[in-house]
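Each chain is listed here by its residues.
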Amino acid sequence: MKLSTIDLIIIASYFIMMIVIGLVMKNKAKKSKDNYLMGGKKLPWYMLGLSDASDMFDISGTMLLVSMAFLYGFKSIWIPWMWPVFNQVFLMVFLSKWLRRSNATTGAEWLGTRFGLTDKGVKQSHAIVVVFALMLCIGYMAYAFVGVGEFLEIFIPYETVKEVVPFLDVHMENYTLGTPEYNSILIDAKNTTAQFYGVSICIVATFYSIVGGMHGIVLADFIKYMIMIVCSIFVGTIAMQHLASSGIIITDKMPLGWDNPIFGVELGLDWSSILPEATKKLQSDGYKLFSAIVSMMFFSGVLKSLAGPAPNYDCQKILSTKSPEEASKMSGFISIILLPIRYFMVMGLCILGILYFKDLTLSQNADGINFESIMPAVINKYLPVGLVGLVLAGFLGAFMSNFSGTLNAGQAYIVNDIYLKYFNPTADRKQVINMGYLSGIVMVLLGIGLGLLIKDVNMIFNIITAGLYGGFVCANVLKWYWWRFNANGYFYGMLFGIIASAIPPALSVTGITTYFDGTRMLYFFPVFIVIQLIACVLGSYAAPPTEKAVLQNFYKNVRPWGFWKPIHDELALEDPTLEKNKNFKLNMLNVLLGITGQILLTLLPMYFILSKWFELGIVIGLFAIIAFTMRQTWWKRLTDY
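Residues numbered from 1 in each chain as written. Predicted model: local features only at pLDDT ≥ 70, side-chain atom pairs only at ≥ 80, totals over all residues. Heavy atoms only, no water.

Chemist: Which residues make up the overall build of the protein chain, and what are the values?
Modeler: When you go through the protein chain residue by residue, the secondary structure sums to 26 helices and two strands. Out of the 641 residues in the protein chain, the part that is buried amounts to 62%. Of all intrachain contacts in the protein chain linking residues separated by at least 6 positions in sequence, the fraction that spans at least 24 positions is 84%. If you sum the accessible surface of the protein chain, you get close to 24400 Å²; carbon and sulfur atoms cover 66% of it. (Helix = DSSP H or I, 4+ residues; strand = E, 2+ residues; numbered from the N terminus. Buried < 20%, exposed > 50% of the residue type's maximum accessible area, 1.4 Å probe, protein only. Contact = heavy atoms within 4.5 Å. Areas by Shrake-Rupley, 256 points an atom, 1.4 Å probe, with all protein chains shown as cover.)

Here's what the structure looks like:
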């Protein structure tokens, strides 16, 4: 354990500050339901953008990105398309504006603006989106829980706490050192210790997020992100100094093509003579046919992006902005503030991991080396006193941001879409706030429960991206772009999508089969889409169209493009001046430019840390061209439709 007194003071001070924020914001949060769940819709877009970026700069995701950068090099920039990271581009270009115009509190409440409140299937569609949202929130909390436990176990390993926390002691002295039985028991003990840390940190995160509401979350996120900016700069700079002083050419230690983002049909990285454990990991991840995987990720990512934000913290932040235009600005700001800062740290930790890999104390799992432990191992051994405490405080804050933002979204669904809708519509302010507290506790217990069943961060990453999101897509695409799609179609599309896409993750989590581990689940995405599409279309035509007044009101307010001709023609009879949204081609141009810009923002710190100045110059030049173009095609046209 390399935690000095200074490091411990920094970490303790940070946690005390978070608790104080929760207490200070308690009274402001209690003023109303909107104040508690959405900050009263008075928070500036750049603060919400920083908060959203802070939620995404999490421990689990960063550990995963560092391990991917180590194993896949510059080709790792394509793997986050599975999320997909470029959904923020679709949001900034048009979908954030469309969503914010609803003036709703949650994604489920938004459905009332699209399908009304009385048509066939409305109650069922409302219920199914609440179920999906809560499943997603629980999945994200489990994702954060697993990451923070793995992270802390490196710094405060099992051996140092077994005497302090007696129930963790499995009496290793009773087993022969080096035997398979000893190693198996030790791995289990370390996993239990990691879970203990996860539960402990969750309790602190739960306190400040439940008590402080959205105001407390945004302020805490802002402070944490300022810390992470400082940490990223220091980590990246230290990595550059170590690389320069070592005299090592980093690419000589890595497989041929490691520093090239361009790929062929196959991944083309041969680790066999360098690190056989890495070869084994690449095989289990399933990225060998890299072009096929990236194509599938792009295909699924575009559909996921066209569906709009999933009903989680991202959706809540968009609905909390002051106006539709500010919602777009917020979504655009996230990529700019997140990607260069995060990847400056990711690449810095990756380079230190490469330079000193043989000296790192990495954790083990049933499959061998746990490459996700590279990040905490590097921090623990190669960062100076004080910076270790600051980085730990920042990453623990990152965990709390992700955890609390997700928790806030889950609370919003339980309070608005279950408690107030079905149990106590006339609840007073105090009852609403108390239900927010209770629902938060229930969500935390469920998230921790799922986290205890998960093997590692990569597993829950695949479950969320390829599994849960797979059931979300079709119904949520059609709701924006096809007028004949109704609540009945939405319900059946979501129902069959959730059932179909939940089966593979359930089989993996319960250990029935390992067939769907790695990227295999992604290959079943087209199957999920076909099942959902059939259910959506049959469900829609099994019920009358949505009430005309509802469709007309939605079309006038949201102004979507797509298959809305019958509704537009009816409205045009009343108002001949009503114009169609003709921005489809312009929106798609901006999406293409935005996705390219995201790739360049990711490559920028990677080339910078490796001192590849020629490539860096090309990246900066191309990004400048894209920024100038989008200033004309996007920023100056934010009020268009």
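Chemist: Residues and numbers for the environment of Ser295, please.
Modeler: When you line up the elements, Ser295 lands in helix α12 (residues 290–306). Classification of Ser295 by relative accessible area gives partly exposed; the value is 48%. Taking the C-alpha atoms as reference, Ser295 lies 9.7 Å from Trp81; in sequence the two are 214 residues apart.

Chemist: Just give me the short version of helix α17 (residues 429–451), but keep the residues and values in it.
Modeler: Compared with the 33 Å implied by 1.5 Å per residue over 23 residues, the 33 Å span of α17 between its first and last C-alpha is a close match. Residues of α17 that are buried include every one of Val432, Ile433, Met435, Gly436, Tyr437, Ser439, Gly440, Met443, Val444, Gly447, Ile448 and Gly451, and no others. For α17, the N-terminal cap is Asp428; the gap from its side-chain oxygen to the backbone nitrogen of Lys430 is 3.2 Å. (Expected span 1.5 Å × (residues − 1). Polar contact = N/O pair within 3.5 Å; in protein donor to acceptor, adjacent residues only side chain to side chain.)

Chemist: Now, about the pattern of salt bridges: what can you tell me, with residues and values included?
Modeler: One pass over the full model with this rule turns up seven salt bridges. In this structure, Lys190 engages Glu153 in a salt bridge whose closest nitrogen and oxygen atoms are separated by 3.7 Å. Highlighted residues: Lys190 in helix α10 (residues 180–246) and Glu153 in helix α8 (residues 122–155), separated in sequence by 37 residues. On the basis of relative accessible area, Lys190 is assigned to the partly exposed category, the value being 22%. Asp640 is paired through a salt bridge with Arg637; the nearest N and O atoms lie 2.8 Å apart. (Salt bridge = Lys/Arg side-chain N within 4 Å of Asp/Glu carboxyl O.)

Chemist: Could you give an account of the nonpolar core, naming the residues involved and the relevant values?
Modeler: Among the nonpolar cores identified, the biggest contains 200 residues, and Trp258, Ile351 and Phe395 are the most heavily contacted of them. Here the element with the most residues in this core is α8; it accounts for 20 residues. By size, the runner-up hydrophobic cluster in this structure holds six residues, among which are Val415, Tyr419, Leu420 and Ala427. (Core = buried A, V, L, I, M, F, W, Y, C linked by side-chain atoms within 4.5 Å.)

Chemist: I'd like a description of the packing of α8 against helix α15 (residues 374–382), backed by residues and values.
Modeler: Direction vectors running N to C along α8 and α15 enclose 30°, while the axes themselves pass 9 Å from each other. In terms of crossing hand, the pair formed by α8 and α15 is right-handed. Of α15, the residues touching α8 (which contributes Phe151, Ile154 and Phe155) are Met375, Pro376, Ala377, Ile379 and Asn380. (Axes fitted to C-alpha atoms, helices over the stretch in contact; angles between N-to-C directions. Left-handed = near helix turned anticlockwise from the far one by under 90°.)

Chemist: Hey, could you go over the environment of Phe403 for me, with residue numbers and the actual values?
Modeler: Within the secondary structure layout, Phe403 lies in helix α16 (residues 387–423). Along the chain, Phe403 and Cys202 lie 201 residues apart, while their C-alpha atoms are 7.9 Å from each other. Contact partners of Phe403, with chain neighbours within four places excluded, come to Met141, Ala144, Cys202, Ala205, Thr206 and Val444.

Chemist: Can you break down α12 residue by residue, with the values?
Modeler: Taking 1.5 Å per residue as the helical rise, α12 with its 17 residues ought to reach 24 Å, and the 24 Å between its terminal C-alpha atoms agrees with that figure. Taken together, the buried positions of α12 are Phe290, Ile293, Val294, Met296, Met297, Ser300, Gly301, Leu303, Lys304, Ser305 and Leu306.

Chemist: I'd love a proper account of the confidence of the model for the protein chain, names of residues and values included.
Modeler: Chain-level pLDDT for the protein chain is 85 on average; 90% of the residues reach the 70-or-more range. Note that pLDDT drops below 50 for residues 32–40; the model gives that stretch 41 contacts with residues more than four away or on any other chain. (pLDDT = per-residue confidence, 0-100.)

Chemist: Quick rundown of the packing of aromatic side chains? Include the residues and the values.
Modeler: Evaluation of the coordinates by the stated rule reveals 42 aromatic pairs. Ring geometry for Trp634 versus Trp635: centroids 5.8 Å apart, planes at 65°, classification edge-to-face. According to the relative accessible area criterion, Trp634 is buried, its value standing at 11%. For Trp635, a relative accessible area of 39% puts it in the partly exposed group. Taking NZ or CZ as reference, Arg114 lies 5.6 Å from the ring centre of Phe554, over its face. (Phe/Tyr/Trp six-rings, centres within 6.5 Å; stacked < 30°, edge-to-face > 60°. Lys NZ or Arg CZ within 6 Å of the ring centre and 35° of its normal.)

Chemist: So, a nonpolar patch on the surface: which residues are in play, and what are the values?
Modeler: Residues Tyr492, Phe496, Val527 and Ile531 make up a contiguous nonpolar surface patch of about 320 Å² in total accessible area. Going through the elements one at a time, α20 (487–509) and α22 (525–541) are the ones with two or more residues in the nonpolar patch. (Patch = residues over 30% accessible without salt bridge, like charges linked within 9 Å, V, L, I, M, F, W, Y side chains within 5 Å.)

Chemist: Summarise unusual backbone geometry; cite the residues concerned and give the values.
Modeler: The peptide bond linking Trp83 to Pro84 adopts the cis configuration, its omega dihedral lying at 0°. With a phi close to 60°, Ser611 is a non-glycine residue in the positive phi region. Looking at the element boundaries, Ser611 is found in the loop between α25 (584–609) and α26 (613–633). For Ser611, a relative accessible area of 35% translates into the label partly exposed.

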